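The lines below spell out each chain.
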Amino acid sequence: MTDWVERALVAMTVEEKLALVSGAGLFHTQEIKRLGIRSLHMADGSNGLRVVRSAEGSSEEDDDTDAFFALVETGRNTDESTSALLGTSYPATCFPAASVLAASWDKELMHDIGRALGWECRARNIDVLLGPGVNIRRMPLSGRSFEYYSEDPVLSADMAAGLIAGLQSCGVAASLKHLACNNSETERITMNSVVEDRALREVYLAVFERTIKKSDPWTVMTAYNRLNGVQASESHCLLHEILREQWAYGGLVMSDWHAIRDRTAALMAGCDLDMPLSRARQARLAAAVDAGVVPMKVLDDSCRHVLQLIDRIDEARRTEQCVPTPDYPLHHALAVKGAVEGCVLLRNEGAVLPLKAQGGPILVVGTDAMAPQIQGAGSAAVTAWRVDKPLFALRERFPDREIKYAPGWTEDGAFSAEREEEAISLAGQVETVVIFVSAPKAESGEDADRNSLSLLPAHDTLMTRLLKCGVDIVAIVIAPDAVLLPWRDNVSAILSAGYAGQGFGQAIVDLLSGDQCPSGKLTTSWPQREEDCPAWLGWPGEQGQHLYREGIFVGYRWFDRRKVTPAYPFGFGLSYTEFSYDDLSVEQRGEGREQTVKVRFCVTNTGMLRGREIWQVYVRRQDVGKRERRVTYPLRVLREFGSVDLEAGESSQIELILSVRDFSYFDVLCQDWRLSEGAVSIDVGASSRDIRLSASITLDRLIMDAPSVTCDTPMSAVLDVVGAEESLVTWLMEEETMSQQEARDLLARGRKSFLGIYDTLSWSFGHEPQMERLMAVLGQIGRNG
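Residues numbered from 1 in each chain as written. Predicted model: local features only at pLDDT ≥ 70, side-chain atom pairs only at ≥ 80, totals over all residues. Heavy atoms only, no water.

**Some remarks on the overall build of the protein**
Item 1. Looking only at helices and strands, one finds 24 helices and 24 strands in the protein.
Item 2. For 785 residues, the compact-globule estimate of 2.2 N^0.38 gives 28 Å, and the C-alpha radius of gyration of the protein, at 29 Å, lies within 12% of that figure.
Item 3. Its C-alpha atoms give the protein principal-axis dimensions of roughly 95 × 70 × 50 Å.
Item 4. Counting the 785 residues in the protein, one finds 62% classified as buried.
Item 5. Partitioning the contacts of the protein with sequence separation of at least 6, the portion at a separation of at least 24 is 77%.
Item 6. Accessible surface for the protein amounts to roughly 29200 Å². Of this, 49% is attributable to carbon and sulfur atoms.
Item 7. Between the mean site of the 81 positive side-chain charges and the mean site of the 111 negative ones, the protein shows a separation of 2 Å. (Helix = DSSP H or I, 4+ residues; strand = E, 2+ residues; numbered from the N terminus. Rg over C-alpha atoms; globule rule 2.2 N^0.38 Å. Buried < 20%, exposed > 50% of the residue type's maximum accessible area, 1.4 Å probe, protein only. Contact = heavy atoms within 4.5 Å. Areas by Shrake-Rupley, 256 points an atom, 1.4 Å probe, with all protein chains shown as cover. Lys, Arg positive; Asp, Glu negative; His and termini not counted. Charge placed at Lys NZ, Arg CZ, Asp CG, Glu CD.)

See the structure below:
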């Protein structure tokens, strides 16, 4: 960073410092003209840029609270093209939602989309793009699931990191959000997410930690909710101890819009920037500073982070010869590519897909064929500069086949007897029906969770009738997350499209025609029933408490351990070609914390068509299924992934490195990551339930990785620690002048005691052992001393 930051900080008055950390208007930071400190301009949209014309010119004097509440309603209960707010925002490329992009499992694609977003931001003078969001999709009913990537932290983090790297390479700051556990929209301002430490670290914080490590986002945004009783924006543990100290994060921390309840507490915790401008919160902070409640050093640190962000953005742009004008046609092609790779083929009985160029008539059913739902509602909604219509694209691609059309229901998806009868009548005249079905649009989005996992009733009803017509049925599913498909085993083919952005129409036709081979794979587990969802019993919280009852067993981890069969498993997706996996080898290197495992294997396209295969590497505990004495584990967890694009008959060698962290769990007693004893397997597969290769390894363990033991730890638990028995036998021989056999016999009897080791030994000796000496030997066994 330049000396300008420190010079500006020294020259600022207290009033200017307070203004700098309080925002200005709805999407700006405060400008301080006399010191040459410029305002930063922010905008929503990790799947597309949304610059609201009315907010673009808001001044530092505006407290745009009314405008903020209008943003939340964007796109709900109205068509995007007629939304009052969207009508005032600039056109931009609407890329597929994060949930769809994640199904591509393509890190390079995310980087390319990040760069495209960056150049569109630069064209509108945007400094900070408010995304991406990496909250875990733990429950498909969550209203904002489509804005997030996956139920898995590794997949979510790596996809987000790709987008952040691309975006920031253009001199535009990303804002990684929402830290943390903002997994429901119900009472999101006041709801307390109650999450046990291990689940917090291994799942919900792990995604932020990994993203920060891989991409260094220049800003992080806090969440609305409380986390274990403390408002996320005001949590010293979260923002200072974990984010700043443990993760060494050096960027700016900002609040979500109006997420701060106590500005003084937030600043003291490490939330630098309060967004948007609230004169009431600003005045309360000024009073706290004046009273000495907030030390000047704390205020200076937050001002420094704002100034460093300005300097970082400007420095990234100084070396540019010129700012490229966004190539919108190229960006549209990128949006189509994202939709192609993100659509998931769930069923293809009898190889009904791809559709043949020649043949009988095709019936297209559903209003989304003409007015496709390409995105969700809320602050992520974008005014797309172009939208491909599936019906038009189908007719253009299949000029030699008659393409009939029936809307099937009303424009808002409701039942229409006349339109339903029209569809049934036309279905009797064709060979194939392509039907676009969807979930209720108005039920989900920002500040609104879904009511159920069902599709619109009219869609399921018409589908049931079409199945009786004796034709091939291809279903295109448009939904924010997993849905229930009661007819899934009876239709010929199913493509899950999600909210696939402005290129949805062309992408679907590319896949239906076989011009592109499906390659997307699910990023969440689809349940057979709502009740099968891991978070079902605690959803969406009650009396202000949202208990994350499933703990570490989120998504596929829960389905695997409970031996519940999902409708479609995590990582699943079909193709028009086939792939084989061979030649797995593992090589262990290093010792202790520096241990690594090199994994190699080969993927071959054994089919007749070119295709892209997504490979997945999991770590599996071999002793899962037994009752673990000390630590409970998921059956397997994703640790790495990638994809290969192969011609028919072509092979590719894959090589990757796993670290100690990939084999560790979070020990809540010592608040650190630990290796655990026992053999593990490296599983390589095409999905979490389709493991093709497996190899067993046993990692070397360090004594520092032994479970924590104290004087109150039961004897049996102490003796389960590797090396503990030998240490205790030696100590007993010296302390109590026992023979080796006598010491072993005493320990064997002590295993039956439910008391702590100190009390057990006291009972066995008939006198109390020396506490300090016992603590010393326990300190050698565990990590308590």
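What follows picks up the thread again.
**Examining the pairing of strand S5 (residues 219-222)**
The two faces of the sheet receive side chains in turn, since in a regular strand these alternate between them.
Item 1. Alternating residues of S5 divide into Thr219 and Met221 and Val220 and Thr222, and every residue in both groups is buried.
Item 2. Two elements, strand S3 (residues 173-179) and S5, share three bridges in a ladder whose sense is parallel. Across the sheet, residue leucine 179 finds its bridge partner in S5, namely threonine 222.
Item 3. Sheet analysis places S5 next to strand S8 (residues 252-254), joined by three bridges and oriented parallel. Directly across from methionine 221, in S8, lies its bridge partner methionine 254. (Pairing = 2+ DSSP bridges.)

**Description of the sheet that holds strand S20 (residues 651-659)**
The pairing of strands in a sheet comes from backbone hydrogen bonds and takes either a parallel or an antiparallel form.
Item 1. The sheet built from three strands is open, its strands ordered S16-S17-S20 with antiparallel pairing. Each end of this open sheet is capped by a strand with a single partner; those strands are strand S16 (579-589) and S20. Looking at each pair of strands side by side, their axes are set apart by 15° on average, direction ignored.
Item 2. The sheet contact formed by S16 and strand S17 (residues 596-605) spans nine bridges and is antiparallel. The residue bridging glutamate 587 from the neighbouring strand is lysine 598, located in S17. (Axes fitted to C-alpha atoms, helices over the stretch in contact; angles between N-to-C directions.)

**Some remarks on the state of the cysteines**
Item 1. Evaluation of the coordinates by the stated rule reveals zero disulfides.
Item 2. There is no disulfide at cysteine 533, and the cysteine sulfur nearest it, in cysteine 181, is 18 Å away. (Disulfide = S-S within 2.5 Å.)

**Description of the side chain of threonine 29**
Item 1. Tracing the backbone shows threonine 29 in the loop between helix H2 (14-20) and strand S1 (42-44).
Item 2. A polar contact is formed between the side chain of threonine 29 and the backbone nitrogen of leucine 40, at a distance of 2.8 Å.
Item 3. With residues near it in sequence (within four places) discarded, threonine 29 still touches Gly23, Ala24, Arg38, Ser39, Leu40, Met42 and Leu273. (Polar contact = N/O pair within 3.5 Å; in protein donor to acceptor, adjacent residues only side chain to side chain.)

**Describing the pattern of salt bridges**
Item 1. A complete count under the given rule lists 55 salt bridges for this structure.
Item 2. Linking glutamate 431 and arginine 401 is a salt bridge whose minimum nitrogen-to-oxygen distance equals 3.4 Å. Of this pair, glutamate 431 sits in the loop between helix H16 (417-427) and strand S12 (432-438) while arginine 401 is found in the loop between helix H15 (390-397) and strand S11 (403-406), placing the two residues 30 residues apart along the sequence.
Item 3. Put simply, aspartate 489 and arginine 488 hold a salt bridge, and the shortest N to O gap is 3.8 Å.
Item 4. Overall, arginine 488 belongs to the buried group, its relative accessible area being 16%.
Item 5. Taken together, the shared-partner salt bridges in this structure form one network comprising Lys107, Asp158, Arg210, Lys214 and Glu640. (Salt bridge = Lys/Arg side-chain N within 4 Å of Asp/Glu carboxyl O.)

**Considering the packing of helix H21 (residues 724-735) against helix H22 (residues 740-750)**
Item 1. Direction vectors running N to C along H21 and H22 enclose 120°, while the axes themselves pass 9 Å from each other. Between H21 and H22, the crossing angle belongs to the class labelled oblique. Along this stretch, H21 crosses H22, giving a crossing that reads as right-handed. Contacts between H21 and H22 involve Glu725, Glu726, Leu728, Val729, Leu732 and Met733 from the first element and Gln740, Ala743, Arg744, Leu746 and Leu747 from the second.
Item 2. Taken together, the residues of the contact of H21 with H22 sort by class into seven nonpolar, one polar and three charged. (Parallel < 35°, antiparallel > 145°, perpendicular 65-115°, else oblique. Left-handed = near helix turned anticlockwise from the far one by under 90°. Nonpolar A, V, L, I, M, F, W, Y, C, P; charged D, E, K, R; others polar.)

**Regarding the sheet that holds S1**
Item 1. Taken together, five strands build an open sheet; the order of strands is S1-S2-S3-S5-S8 and the sheet is parallel. Of all the strands in the sheet, just S1 and S8 have a single pairing partner and so form its edges. Ignoring strand direction, the axes of neighbouring strands in this sheet form an average angle of 25°.
Item 2. One ladder, built from two bridges, connects strand S2 (residues 128-130) with S3; its direction is parallel. Each bridged residue has a counterpart across the sheet, and for valine 128 the counterpart in S3 is alanine 173.

**Examining the environment of valine 323**
Item 1. In this fold, valine 323 is placed in the loop between helix H13 (296-318) and helix H14 (328-342).
Item 2. Residues valine 323 and arginine 395, 72 residues apart in the sequence, show an inter-C-alpha distance of 39 Å.
Item 3. Those residues in contact with valine 323 that lie beyond four places of it in its chain are Trp119 and Arg122.

**Concerning the side chain of serine 39**
Item 1. With respect to the helices and strands, serine 39 occurs in the loop between H2 and S1.
Item 2. Of the polar contacts made by the side chain of serine 39, one reaches the backbone oxygen of threonine 29; its length is 2.6 Å.
Item 3. In contact with serine 39, not counting residues within four places along its chain, are His28, Thr29, Gln30, Glu31 and Asp127.

**Some points on the nonpolar core**
Item 1. Grouped together as the largest cluster of nonpolar side chains are 138 residues, with contacts concentrated most on Tyr204, Ile476, Leu512, Phe601 and Phe663.
Item 2. In terms of residues, this core owes the most to one element, helix H7 (residues 153-168), which gives eight residues.
Item 3. In this structure leucine 512 touches Leu353, Pro354, Leu355, Leu394, Val434, Val474, Ile476, Leu495 and Tyr576, once residues within four positions along its chain are discounted.
Item 4. Core analysis: the second largest hydrophobic core is formed by 38 residues, Leu9, Trp218, Leu267 and Leu299 among them. (Core = buried A, V, L, I, M, F, W, Y, C linked by side-chain atoms within 4.5 Å.)

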